[in-house]
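In case you want the letters, here they are:
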Amino acid sequence: MKENICERIENDEFFQSFLREGVSSHQPEPSKVFSYTEQINKLSEGLDALATELQSQVREQHGALLQQASHAGKLNGTLETVHGHMMSLVAAANRLKSHVNAPYVVLENKTKVLGRLHETTHILRQAGIFLQLHKKLLATKEFEKQAVIFHEIDSLIQDEVLNSVKFLREEITHVQSNRRKLITLADKELNTALKNLNVDTVQRSLQIFSNLQILRKYIDDLLETFIGDIRQSIKECFTAPETKIPGTRDAEQRAAAKGGGMKAPGKAPALTTSLHFRAKLWTALEWLFTEEIFNYSSQIRFLQKCVRNSGLMDADMEIEGHWWKGLQELLKVSFSKCPPHIGQCLQQGLPKLVAETKSLFTKLQIDNLKATIAAVDVPTEDTIDALIRAASTELGTAIVDQRLCDMVTNVAISCNRDVWNKLESSIKLGTDSKQIVDIPNTAQIQNTTIANLISYHADAVGRMVENLGQTYATSGSAKRLLENLQVGQNLVLAILQQIFDSIASAVHDIMISMHREPALNVSTSSSVSLYMKELQEFLTRVWGAHIGPFADKETVGKCGRELACRCIELFIRNVAILRPLSQIGRNKIRIDCQHLEVVLVGIIGDLGALGKSFRAIRAFNTILTLTPKELSEHSMDPDNPIPSYILLLMMFSFAGADLTSPNVTAGWSNEKLMQWLDGHTSNRERLELISGALHKYRNTVRQKNITQYDPVYPLIASGLEKALQSL
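Keep in mind it's a predicted model, so treat the numbers as computed, not measured.

Basis of the calculations
Residues numbered from 1 in each chain as written. Predicted model: local features only at pLDDT ≥ 70, side-chain atom pairs only at ≥ 80, totals over all residues. Heavy atoms only, no water. Helix = DSSP H or I, 4+ residues; strand = E, 2+ residues; numbered from the N terminus. Rg over C-alpha atoms; globule rule 2.2 N^0.38 Å. Buried < 20%, exposed > 50% of the residue type's maximum accessible area, 1.4 Å probe, protein only. Contact = heavy atoms within 4.5 Å. Areas by Shrake-Rupley, 256 points an atom, 1.4 Å probe, with all protein chains shown as cover. Lys, Arg positive; Asp, Glu negative; His and termini not counted. Charge placed at Lys NZ, Arg CZ, Asp CG, Glu CD. Domains from an automatic or database assignment. Axes fitted to C-alpha atoms, helices over the stretch in contact; angles between N-to-C directions. Parallel < 35°, antiparallel > 145°, perpendicular 65-115°, else oblique. Nonpolar A, V, L, I, M, F, W, Y, C, P; charged D, E, K, R; others polar. Core = buried A, V, L, I, M, F, W, Y, C linked by side-chain atoms within 4.5 Å. pLDDT = per-residue confidence, 0-100. Phe/Tyr/Trp six-rings, centres within 6.5 Å; stacked < 30°, edge-to-face > 60°. Salt bridge = Lys/Arg side-chain N within 4 Å of Asp/Glu carboxyl O.

### Points about the overall build of the protein chain
Link 1 in the chain: Secondary structure assignment for the protein chain yields 31 helices and zero strands.
Link 2 in the chain: Against the globule reference of 27 Å for 727 residues, the protein chain gives a C-alpha radius of gyration of 58 Å, more extended than a compact globule.
Link 3 in the chain: Here the protein chain, with 727 residues, has 40% of them falling under the buried criterion.
Link 4 in the chain: Partitioning the contacts of the protein chain with sequence separation of at least 6, the portion at a separation of at least 24 is 75%.
Link 5 in the chain: Here the protein chain has roughly 40400 Å² of accessible surface; of this, 55% comes from carbon and sulfur atoms.
Link 6 in the chain: Placing the 80 positive and 81 negative side-chain charges of the protein chain at their respective mean positions leaves the two points 7 Å apart.

Next comes the structure, spelled out in structure tokens:
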């Protein structure tokens, strides 16, 4: 039945129009086939049929429906129970949410407060640091220290929040204003110091910019400023060379001109080929190269040197290299894009332009050498190294042109003289520089340092000449440069001579003391005499403390040999007039003579370098034990290592009391005789002194009616006659 009712309704065309989802365009609508009354009736019939079918189905399935209804009640109860549990769970969740959410809200609010407190604390901390730095800035007078403080403050005032603090605005404005003033002042001082080659001021200004952490940027800006000035000068040379020499304005005027806009180029002269115009153009170009470019290049070179010496920038920061690169590009662009009439003049005068360029570099070479020592009061090893580096560079460049090489060599010689003059002004003269009784004092240490600097300079020049190659080393320029080093060696010799004069004076006093040696004529000991021990101790001490620190071993050796000769001379003279002198004493003197050689070897090494003095001490050792007769028979030739007057004086030690020594006859002390011998170097004068002593002895014999002369007298007279004949 069910299938029939359903099929019938589905197959009925009337009901199909109500059952389908879409409306087909080819099927007619019910309103067009049936009237509304018919449609309602038709629908009523269908609904009645469906109601009848449903009632029939309910009657048939009544038991099953009742069973399902019982289960639905139980299900409804269960659902109500579940619903109660759900509501309890929701209530518990709401209670849990309230327990969690409330502390979270409190924590969130406190976190926001803490964040604001932290931000406030940070601002207050920054403000406190700023105020401390500002107070420190007001109390600081040194510009270099102020620059450090300014840099620290810069990192603070970059914070926008700190800038927004009202009570700090006045202080921040004050700091910014003073910082600009400091930069302006340092810039002005640096530019002035570069022109005057003032090292201290340049380095102070560089230190300020370094402390402000803007040194590299400032130098880049300075290079650009210099390039801009030269660019303006070139334009002035090209626009109106016949009316003025460009560049008369100072840096401030140029800056003002640039700020007010560039001046339009003037109209080119009508007679561009006239001699008058060309003369003015070349005068302007000569000024450009010899003054404008040279001055700026010299300042850049000086700046490079100051930056290197101060150690404020990286070693690879080649300021001069950047300068020449920018200048080369400027000249290339300016000369290639010059007006046609200027280009014509430049082409026709190309050799002259090349000559101007060469003159510029020659002048820079000379200036580079002089600049290394111009601003130095007392040269140091670093100063000498800088001078040698500059001289080596310039000579290496100029070696291809003999005329230029001679010119640079002359400048190097002049710079060497400047070095020596400055060092000479620091040499200490007087009592303090001569003392040898104690360790070297401040004056002597300073003199030693100066002498070692001169030696260091001489060695450096020698190495430089050698490194420049055979071509320069064999040239006349190199010969003049090396010969000129004698001026410096003379200063070293003057310093050493003071000390050696004091040493020689002390040696003289020690040698004279042999006349007061208590055990000379009685002691049979094989040890040396006290005066010789004193001499050895003295020379060892003074040589180690006063002479050893000198680096010029050649000059020290020369002075040492002179001192050794003086020691031998004084020893021989004092022994020759030593009275009384027994045979024991003569043997003792021989031991002293041998030990004197040992002492002198410790000073100068090879005694053979002493020449005649070495032969004299050796020969003197052999004649110490000779008899008066043997001494009189000894050679009196002037070329003999032992002078004839020494042989004659030695004979007096064998004579009696009436035959006095020449100095006693003249009423002189031993010291006075030594001085007289130093002042009278002629052998004839010395022999005449002995002759006078013999003459007085003869008068004494006649006055005392002595019947017989001293046995030694005829031997001395015979020797004297032989010596006088050999002259």
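Structure shown, so let's carry the discussion forward.
### Regarding the domain arrangement of the protein chain
Link 1 in the chain: Its domain assignment divides the protein chain into domain 1 (15-19 + 33-109), domain 2 (213-243 + 277-365), domain 3 (373-492), domain 4 (517-622) and domain 5 (626-726).
Link 2 in the chain: The C-alpha-based centres of domain 2 and domain 5 are spaced at 84 Å.

### As for the packing of helix H22 (residues 530-547) against helix H24 (residues 583-604)
Link 1 in the chain: Packing of H22 against H24 brings their axes to within 10 Å, and their N-to-C directions diverge by 5°. In terms of orientation, H22 lies roughly parallel with respect to H24. Counting all contacts with H22, which are made through Tyr531, Met532, Leu535, Gln536, Leu539 and Trp543, the residues of H24 involved are Ile589, Asp592, His595, Leu596, Val599 and Ile603.
Link 2 in the chain: Partitioning the contact of H22 with H24 into residue classes produces nine nonpolar, two polar and one charged.

### Thoughts on helix H14 (residues 340-348)
Link 1 in the chain: Here H14 has its buried residues at His341, Ile342, Gly343, Cys345 and Leu346.
Link 2 in the chain: Where H14 is buried, its residues meet helix H10 (215-239), helix H12 (275-310), helix H13 (319-336) and helix H15 (350-374).

### Description of unusual backbone geometry
What is expected of a backbone is that most residues other than glycine have negative phi and most peptide bonds are trans.
Link 1 in the chain: The omega torsion of the bond from Arg579 to Pro580 falls at -10°, within 30 degrees of zero and hence cis.
Link 2 in the chain: Tracing the sequence through the fold places Pro580 in the loop between helix H23 (553-576) and H24.
Link 3 in the chain: With a phi angle near 60°, Gln213 is a residue other than glycine that sits in the positive phi range.
Link 4 in the chain: With respect to the helices and strands, the residue Gln213 is situated in the loop between helix H9 (199-211) and H10.
Link 5 in the chain: One non-glycine residue, Asn705, adopts positive backbone phi at about 55°.
Link 6 in the chain: Along the polypeptide, Asn705 turns up in the loop between helix H30 (683-703) and helix H31 (712-726).
Link 7 in the chain: Exposure remark for Asn705: the relative accessible area of 64% places this residue in the exposed category.

### As for the nonpolar core
Link 1 in the chain: Ile503, Phe571 and Phe620 are the most contacted members of the largest nonpolar core, which has 118 residues in total.
Link 2 in the chain: Per-element tally for this core: the top contributor is helix H21 (residues 486-512), with 13 residues.
Link 3 in the chain: Those residues in contact with Phe571, other than ones at most four positions away along the chain, are Met511, Met514, Tyr531, Met532, Ile589, Asp592, Cys593, Leu596, Ile617 and Phe620.
Link 4 in the chain: One finds Leu168, Val202, Cys345 and Leu346 within the second-largest nonpolar core, a separate group that totals 64 residues.

### Description of the confidence of the model for the protein chain
Link 1 in the chain: In this model, the protein chain carries an average pLDDT of 84, and 90% of its residues clear a pLDDT of 70 or more.
Link 2 in the chain: Residue range residues 246-273 is modelled with pLDDT below 50. Its contacts to residues more than four positions away, or to other chains, number 37 contacts.

### Looking at the environment of Leu647
Link 1 in the chain: Along the chain, the position of Leu647 falls in helix H27 (residues 644-652).
Link 2 in the chain: Sequence-wise, Leu647 and Asp678 are 31 residues apart; in three dimensions their C-alpha atoms are separated by 18 Å.
Link 3 in the chain: Once residues lying within four places of it in the same chain are set aside, the contact partners of Leu647 are Ile623, Leu631, His634, Ser635, Met636, Asn640 and Ile642.

### Side note on the packing of aromatic side chains
Link 1 in the chain: Counted according to the given criterion, the structure contains ten aromatic pairs.
Link 2 in the chain: Both rings, one in Tyr709 and one in Tyr713, keep their centres 4.7 Å apart while their planes meet at 25°; by these two values the pair is stacked.
Link 3 in the chain: Among the aromatic residues, ring-to-ring pairing joins Phe226, Tyr296 and Trp323 into one connected group.

### Topic: the pattern of salt bridges
Link 1 in the chain: Scanning all chains against the criterion turns up twelve salt bridges.
Link 2 in the chain: With its nearest N and O atoms 3.0 Å apart, the salt bridge here joins Lys217 to Asp221. One end of the pair is Lys217 and the other is Asp221, both in helix H10 and four residues apart, which spans about a single turn.
Link 3 in the chain: On the basis of relative accessibility, which here comes to 55%, the residue Lys217 falls in the exposed class.
Link 4 in the chain: Looking at Asp221, the relative accessible area reads 38%, which means it is partly exposed.
Link 5 in the chain: Lys704 is paired through a salt bridge with Asp658; the nearest N and O atoms lie 3.5 Å apart. Highlighted residues: Lys704 in the loop between H30 and H31 and Asp658 in the loop between H27 and helix H28 (662-665), separated in sequence by 46 residues.
Link 6 in the chain: If you follow the salt bridges from partner to partner, you end up with Arg566, Glu569, Arg573 and Asp678 in one network.

### Some remarks on the packing of H27 against H31
To characterise two packed helices, one gives the angle between the axes of the helices and the distance between these axes.
Link 1 in the chain: Relative to each other, H27 and H31 sit at 175°, their axes nearing to 10 Å. In terms of their interaxial angle, H27 and H31 are classed as roughly antiparallel. Each of Ser644, Leu648, Met651 and Phe652 in H27 lies in contact with H31, whose residues at this interface are Val712, Leu715, Ile716, Gly719, Leu720 and Ala723.
Link 2 in the chain: When its residues are assigned to classes, the contact of H27 with H31 shows eight nonpolar, two polar and no charged.

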